[in-house]
Amino acid sequence: MPNRNAFNNWLKFSLVVPLVLIVTGCGTRVDAMAKTAKYAIWGAPDVTLTQQQIEELPYAAQYVTLEGQARAMLVLGFDDSNQLHWLSGQKESLVTQSGRIISMVNVDKPHDTIDASIHSTAYLTDDPLHCLTQPTVSGQQNCPRQWQAEISTAPGVSQKRYQIKTTFDLGSSAEVDLPSGHKASAVKLTEKVISQSQGQTWHYTNYYWLEDSTRRIIKSSQQYIPEFPRAHWLEVKAYSKHLQQDTES
Amino acid sequence: MSKVAVPSIKIVFMLLLLNISVISTVRAEPTEKATTTAVRVQLQNEPEVTYNLPASTRLSALLAEIVPVASTRWSHMRLGSEQLQLQLGRLHDEVLYDLKRLQSHAAKNDQPNLLQAAQQVSGQIKNSQFKASFYFQIPWNSLRLSLESDPQLRTSFATEKKVDDTLIITERAPNPNVHIYGLTQQLSPIAAQPAEKSAQVIKRIHEQQWSPAASNDVIWKIAANGDIAQVPVAYYNAHKPAQCYTHSEKQPLALVSGIPCFVNQQTNPADRYFIGFNENQLPQHLAQLNKKIVRLLKHVGEPSYE
């Protein structure tokens, strides 16, 4: 009898344990499969921080949406003489100056919507955005409205250069809803871009929202070359240096 | 006899092992001693400075120490080493020797065009300066993004396991012109044109008279960052993809794994073009000559056009 009981117990154990393992294993697998299917159909989800998460965030940050891709959050990694390097968790970096994208690193990956990345932008000192975002300049009306630059794609045998001509138009005041829950009053700038390379011409219209008190760019929509898609920027958390400029002025 | 022989074989084997380990210890010793790396820094308008840094120092840490990172023009900064320069010197001599052999072959087989072409390329190489580089443009912004892309001075740039290598950082403005090498009659530099006109440079290269010994269906393009493409240019193959060889700082003197790619017609400052030998005219033992020349030209400085 004790032998039979022991055998029964062993039988139960040997049946139940694998069953439990199989069921729980399947559960995880089904869950993972559902997530994979959702990812395959809808793509990666947009990154969204709660207001509390934004408040607790120790870094300046931006939401960036490249057309055809999910929204990512980039945090400020380096400030090289006002060239701001915004970093993603995947070790990508987008560099802005006066709110304009001027270069990037590790951004162009296989199977994305990016055909080439912007490696450099020349003639930045004459950029009207530089003047328009200066808190000390009295009156944006005095800033230059036109700019010519050259954009180069990643170096190498396929490197391309684009001649860029832009014209600015100061728009009316607008309110911008920031992810932090604040409403900011801003001036909307419109930039008409003519991009030329190898006898071909492309036209783009870019928008920048210039916050009234600090003159920092809190929202923008930018495209300069056909190989790099339109990028939508929205400030998640302001760079403290830009806020200090407000206090100083 | 056999009982005596077995232990003696064991002893001999053990002694051999011991011997090998002693030899390997002796060989490994210098590497273990190499705790510092010398770095010679040649910045424009500044006196040359040599630093001795721990061998484990990462490149980004070194750069942050020696230059103002925010204002440095990284496209002007190169990294080479004395050992790499010696290796390049050997490649240079090999190419000249191969060209000499080609001249003998051409003379023996009564191929005056090929003879003249070999002499021409030999002259171009003798009149040029070569500076070996791991990086032609130090990629500062990617170096500091992750440890994987930020090499340690010793481990990543050790050439031939030499311990006494000195790294060399040079600052040099990129050449604003496009240079042509190889079997064309006009070798003077062509000014790189603004973006919208730069395709004219390619047109000018094609309009030049090429040697009858030249390959007229492909042209080699060498970009300022060391990437190389073998570009089809003839009527029958121009639609085909080029063969691209991405520069690797780990094998800076090699043409690493060519992949098909499309190269645009635009030229950029410091691009170099090489019009190579028609491979059908090359003898079997010199079949790789064009590739060898391109590997060398990747590291070319200013040619003198004498």
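This text goes with the structure placed above it.
The sections below set out a description of the structure shown in this document. Small disclaimer: the values here were computed from a predicted structure and weren't measured. (Residues numbered from 1 in each chain as written. Chains lettered and ligands numbered in written order. Predicted model: local features only at pLDDT ≥ 70, side-chain atom pairs only at ≥ 80, totals over all residues. Heavy atoms only, no water.)

### A short note on empty space enclosed by the protein
Residue and element names in this part refer to chain B. For clarity, the threshold we go by: Definitions used for this entry: grid spacing 1 Å over protein atoms alone; cavity, a set of points where a 1.4 Å probe fits but cannot get out; pocket, an open set with protein on both sides within 12 Å along at least 5 of 7 lines; lining residue, one with an atom within 4 Å of a point. Grid points are joined across faces, edges and corners, and a volume is the space filled by probe spheres set on the points. To qualify as a helix, a DSSP run of H or I must reach at least 4 residues; to qualify as a strand, a run of E must reach at least 2; elements of each kind are numbered from the N terminus. Note on residue categories: nonpolar means Ala, Val, Leu, Ile, Met, Phe, Trp, Tyr, Cys or Pro, charged means Asp, Glu, Lys or Arg, and polar means any other residue, Gly included.
Counted according to the given criterion, the structure contains two cavities of 30 Å³ or more. Taken as a whole, the largest cavity holds about 60 Å³ of empty space. In terms of lining, the largest cavity is formed by Ile202, His206, Ile219, Lys221, Val231, Val233, Val263, Asn264, Gln265, Gln266 and Tyr273. For the lining of the largest cavity, the secondary structure elements donating two or more residues are α7 (199-207) and β8 (218-222). Across the lining of the largest cavity, the residue classes break down as six nonpolar, four polar and one charged. Looking at the second largest cavity, its volume works out to about 30 Å³. Val121, Gln124, Ile125, Ser128, Phe130, Tyr181, Gly182, Phe274, Ile293 and Leu297 together form the lining of the second largest cavity. Within the residue set of the lining of the second largest cavity, elements represented by two or more residues are α4 (112-126), β4 (128-130), β6 (177-182) and α8 (289-297).

### Details of the packing of helix α3 (residues 82-108) of chain B against α8 of chain B
How two helices sit against one another is set out by the angle between their axes and by the gap between those axes. Residue and element names in this part refer to chain B. What counts here: Lines fitted to the C-alpha atoms define the axes, with helices restricted to the stretch that makes contact. Angles between their N-to-C directions range from 0 to 180 degrees. Crossings are classed by handedness, with left-handed meaning an anticlockwise turn of the near helix from the far one by less than a right angle and right-handed meaning a clockwise turn. Residues are treated as being in contact if the distance between any of their heavy atoms lies within 4.5 Å.
Where α3 contacts α8, the two axes come as close as 10 Å, and the packing angle between them is 145 degrees. The element α3 and its partner α8 pack so that their crossing is left-handed. Taken together, the residues of α8 that come into contact with α3 (itself represented by Leu88, Leu91, His92, Glu94, Val95, Asp98, Leu99 and Leu102) are Leu289, Lys292, Ile293, Arg295 and Leu296. Split into classes, the residues belonging to the contact of α3 with α8 amount to eight nonpolar, one polar and four charged.

### Some remarks on the sheet that holds strand β2 (residues 49-54) of chain B
All names here are of chain B. Worth spelling out the cut-off: For two strands to be treated as a pair, DSSP must find at least two bridges joining them.
The mixed open sheet is built from four strands, whose spatial order is β2-β1-β5-β3. A strand with exactly one partner marks an edge of an open sheet, and here the two such strands are β2 and β3 (77-81). The sheet shows a mean angle of 25 degrees between the axes of neighbouring strands, taken without regard to direction. Across five bridges, strand β1 (residues 36-42) lies against strand β5 (residues 166-171) in parallel orientation. Considered in β5, the bridge of Gln42 is made with Thr170. Strands in contact with helix α2 (residues 59-66) are β1, β2, β3 and β5; relative to β5, the strand with the most contacts, it is inclined by about 50 degrees. In this fold α3 packs onto β1, β3 and β5, with an angle of close to 75 degrees to the strand it touches most, β3.

### Quick notes on the sheet that holds strand β7 (residues 146-153) of chain A
Residues and elements named next belong to chain A. Pairing in this open sheet of 12 strands is antiparallel, and the strands run β5-β4-β3-β2-β1-β12-β11-β10-β9-β8-β7-β6 from one edge to the other. Edge positions in the open sheet fall to β5 (100-105) and β6 (118-122), since each of these has one partner strand only. Each neighbouring strand pair of the sheet contributes to a mean axis angle of 30 degrees, computed without reference to strand direction. As paired elements, strand β9 (residues 183-197) and strand β10 (residues 200-211) share 12 bridges and run antiparallel to each other. The residue bridging Ser195 from the neighbouring strand is Trp202, located in β10.

### What to know about the pairing of β3 of chain B
Residue and element names in this part refer to chain B. Test applied: For the exposure calls, accessible area comes from a 1.4 Å probe over protein chains only, and a residue counts as buried if that area is under 20% of its type's maximum, exposed if over 50%, partly exposed in between.
Counting buried positions along β3 yields five of five residues, so the element is predominantly enclosed. A two-sided burial pattern is seen for β3, the buried positions comprising Met77, Leu79 and Ser81 on one face and Arg78 and Gly80 on the other. Direction of pairing for β3 relative to β5: antiparallel, over a ladder of five bridges. Counterpart to Ser81 in the pairing with β5 is Leu167.

### As for the pairing of strand β8 (residues 161-177) of chain A
Residues and elements named next belong to chain A. Note: β7 against β8, seven bridges, orientation antiparallel. Paired with Glu150 across the strands is Gln163, a residue of β8. Counted along the chain from β8 to the antiparallel partner β9, the turn is five residues long, and its residue Gly181 has a positive phi close to 100 degrees.

### Describing the packing of aromatic side chains
Working definition: an aromatic ring pair is given by the centre-to-centre distance plus the angle between the planes. All names here are of chain A. Put simply, the test is: Think of it this way: a Phe, Tyr or Trp ring, Trp meaning its six-membered ring, pairs with another when their centres are within 6.5 Å, and the plane angle makes it stacked under 30 degrees, edge-to-face over 60, tilted otherwise. Charge-over-ring placement is defined geometrically: NZ (Lys) or CZ (Arg) within 6 Å of the ring centre, and within 35 degrees of the ring normal.
Evaluated as defined, the whole model comprises six aromatic pairs over all chains. For the pair Phe168 and Tyr208, a centre-to-centre distance of 6.1 Å together with 35 degrees between the ring planes defines the contact as tilted. Taken together, the residues Phe168 in strand β8 and Tyr208 in strand β10 connect sequence positions 40 residues apart. The exposure class of Phe168 is buried, given its relative accessible area of 5%. We note Lys188 situated over the ring of Tyr207; from NZ or CZ to the ring centre the distance is 4.6 Å.

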